[in-house]
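Spelled out, the chains give:
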Amino acid sequence: MDPSFWIALRLSLEVALLASFLLLLVGVPLAWLLAFRRFPGKSILEAIFLLPLVLPPTVLGFYVLLFLGPEGPWVRITGLSWAFRFEGLVFASVLFSLPFALTAYREAFLALDRNLLDVARTLGSPWWKVWSKVVFPLVWPGLLSGTLLAFVHTLGEFGVVLMVGGSIPGKTQMVSIYIYDLVQALRFEEAARASLVLLGLSLALLVLVRLLEAKGRAWKSTTA
């Protein structure tokens, strides 16, 4: 394999890992809020978070580029330009993969038996103890599978990262863009090898997601 492929794959893995970690930090409390709280505008907020599911990736990428670019609001607020940088790739990946992680997290919380939470609160347990002793043991397979699903989705994304990061080798050229560039250069044999590696990695991670979902269902059935 061309060394450029491994550089692009490493960059993609780094972006996917960091984006998945940030999604876990942001998505879990947000999913809890959407699952158990009622407030004005909740439906509109949910629709906004799910918008990347239906928007063309290039449209989302275009607006993110405007936001992060030299003349965008992000520069005026922070003084930092994240367009065509690693940070911009991570930011765009978090937005693009948020619906996948958020949906999985929310479903994991909705599957909880509310009676268990009510009993724990009645007994006077603090919130951190309710989470560590009741909530987390029941929902961790769903949280992990949602995070892995977001990781796989980020690993294979193309349109958003191309708009925000371009195709700068060693800096913003993720593996999906690397494969696209090979096809554009008519280097089909190299593109086929690179695609096969990405296909195998994505398939393995998706199998792991399904195994975790099955484990979660089995765990809930034994504790019901």
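Every value quoted in this text rests on a predicted model; they were computed, and no experiment measured them.

Engineer: Tell me about the overall build of the protein, and please be specific about residues and values.
Structural biologist: Looking only at helices and strands, the protein has 10 helices and 0 strands in total. Going residue by residue from the N terminus, the α and β elements of the protein occur as α-α-α-α-α-α-α-α-α-α. Projected onto the principal axes, the alpha-carbon positions of the protein cover approximately 65 × 40 × 25 Å. Across the 224 residues of the protein, 40% fall into the buried class. A separation of at least 24 residues holds for 73% of the contacts in the protein among residues at least 6 apart in sequence.

Engineer: A description of the environment of Thr78 should follow, citing residues and the corresponding values.
Structural biologist: Looking at the secondary structure, you find Thr78 in helix H4 (residues 73–78). In terms of polar contacts, Thr78 uses its side chain to reach the backbone carbonyl oxygen of Trp74, at 2.7 Å. Within the structure, the side chain of Thr78 is placed 3.2 Å from the backbone nitrogen of Leu80, a separation counted as a polar contact.

Engineer: So what's going on with the environment of Ala104? Which residues, and what values?
Structural biologist: One can find Ala104 in helix H5 (residues 86–110). Distance from Ala104 to Glu213, taken between C-alpha atoms, is 10.0 Å for residues 109 residues apart in sequence. Ala104 has contacts with Gly142 and Gly146, leaving out every residue within four places of it along the chain.

Engineer: Which residues make up the nonpolar core, and what values do they have?
Structural biologist: Counting 33 residues, the largest nonpolar core has Trp32, Leu102, Phe109, Leu112, Leu117, Val135 and Val139 as its most contacted members. Broken down by element, the residue count for this core peaks at 11 residues, all from helix H1 (residues 3–36). Look past the residues within four positions of Trp32 in its chain and what remains in contact with it is Arg37, Phe109, Leu112, Leu117, Arg121, Trp131 and Val135. Ranked by size, the runner-up nonpolar core spans 18 residues in total, among them Leu9, Ala16, Ile179 and Leu182.

Engineer: So, the side chain of Gln173: which residues are in play, and what are the values?
Structural biologist: Its place among the elements puts Gln173 in the loop between helix H8 (159–165) and helix H9 (175–184). The buried category is assigned to Gln173, whose relative accessible area is 8%. Engagement of the side chain of Gln173 in a polar contact is seen with the side chain of Asp181, the distance being 2.9 Å. Not counting residues up to four positions away in its chain, the partners in contact with Gln173 are Ala8, Leu11, Ser167, Ile168, Tyr178 and Asp181.

Engineer: Which residues make up H1, and what are the values?
Structural biologist: An ideal rise of 1.5 Å per residue puts 50 Å on 34 residues; H1 measures up with 49 Å between its terminal C-alpha atoms. At Gly27, H1 is bent by approximately 30°, the largest bend along its length, and proline Pro29 sits one to four residues beyond.

Engineer: An account of the environment of Leu24 is needed here, citing residue identities and associated values.
Structural biologist: Position of Leu24 among the secondary structure elements: in helix H1. On the accessibility criterion, Leu24 (31% relative accessible area) is partly exposed. Along the chain, Leu24 and Pro40 lie 16 residues apart, while their C-alpha atoms are 25 Å from each other. In contact with Leu24, not counting residues within four places along its chain, are Pro29, Tyr105, Leu143 and Thr147.

Engineer: If you had to explain the pattern of salt bridges to someone new, which residues and values would you point to?
Structural biologist: It is possible for side chains of opposite charge to pair when their charged atoms get near one another. Going through the model one piece at a time under the given rule, you end up with 6 salt bridges. One salt bridge connects Glu190 with Arg187, and the closest N-O pair in it is separated by 2.6 Å. Here Glu190 falls in the partly exposed class, since its relative accessible area comes to 23%. The salt bridge involving Glu189 is made with Arg193; its shortest N-O contact spans 3.2 Å. Placement of both Glu189 and Arg193 in helix H10 (residues 188–223) is noted, with a separation of 4 residues, approximately one turn of the helix. With a relative accessible area of 36%, Arg193 lands in the partly exposed category. Each of Asp2, Arg187 and Glu190 takes part in salt bridges that share partners, so that together they form one network.

Engineer: Tell me what's going on with the confidence of the model for the protein, and back it up with residues and numbers.
Structural biologist: Per-residue pLDDT for the protein averages 87, and the proportion of residues at 70 or more is 95%. The weakest mean pLDDT in the protein belongs to helix H6 (residues 114–122) at 72; the strongest belongs to H9 at 94.

Engineer: With reference to specific residues and values, describe a nonpolar patch on the surface.
Structural biologist: Residues Leu18, Phe21, Leu22, Leu25 and Val26 make up a contiguous nonpolar surface patch of about 430 Å² in total accessible area. With respect to the element layout, Leu18 can be found in helix H1. The exposure class of Leu18 is partly exposed, given its relative accessible area of 34%.

Calculation criteria
Residues numbered from 1 in each chain as written. Predicted model: local features only at pLDDT ≥ 70, side-chain atom pairs only at ≥ 80, totals over all residues. Heavy atoms only, no water. Helix = DSSP H or I, 4+ residues; strand = E, 2+ residues; numbered from the N terminus. Buried < 20%, exposed > 50% of the residue type's maximum accessible area, 1.4 Å probe, protein only. Contact = heavy atoms within 4.5 Å. Polar contact = N/O pair within 3.5 Å; in protein donor to acceptor, adjacent residues only side chain to side chain. Core = buried A, V, L, I, M, F, W, Y, C linked by side-chain atoms within 4.5 Å. Expected span 1.5 Å × (residues − 1). Bend = angle between axes of the 7 residues up to and from the residue. Salt bridge = Lys/Arg side-chain N within 4 Å of Asp/Glu carboxyl O. pLDDT = per-residue confidence, 0-100. Patch = residues over 30% accessible without salt bridge, like charges linked within 9 Å, V, L, I, M, F, W, Y side chains within 5 Å. Areas by Shrake-Rupley, 256 points an atom, 1.4 Å probe, with all protein chains shown as cover.

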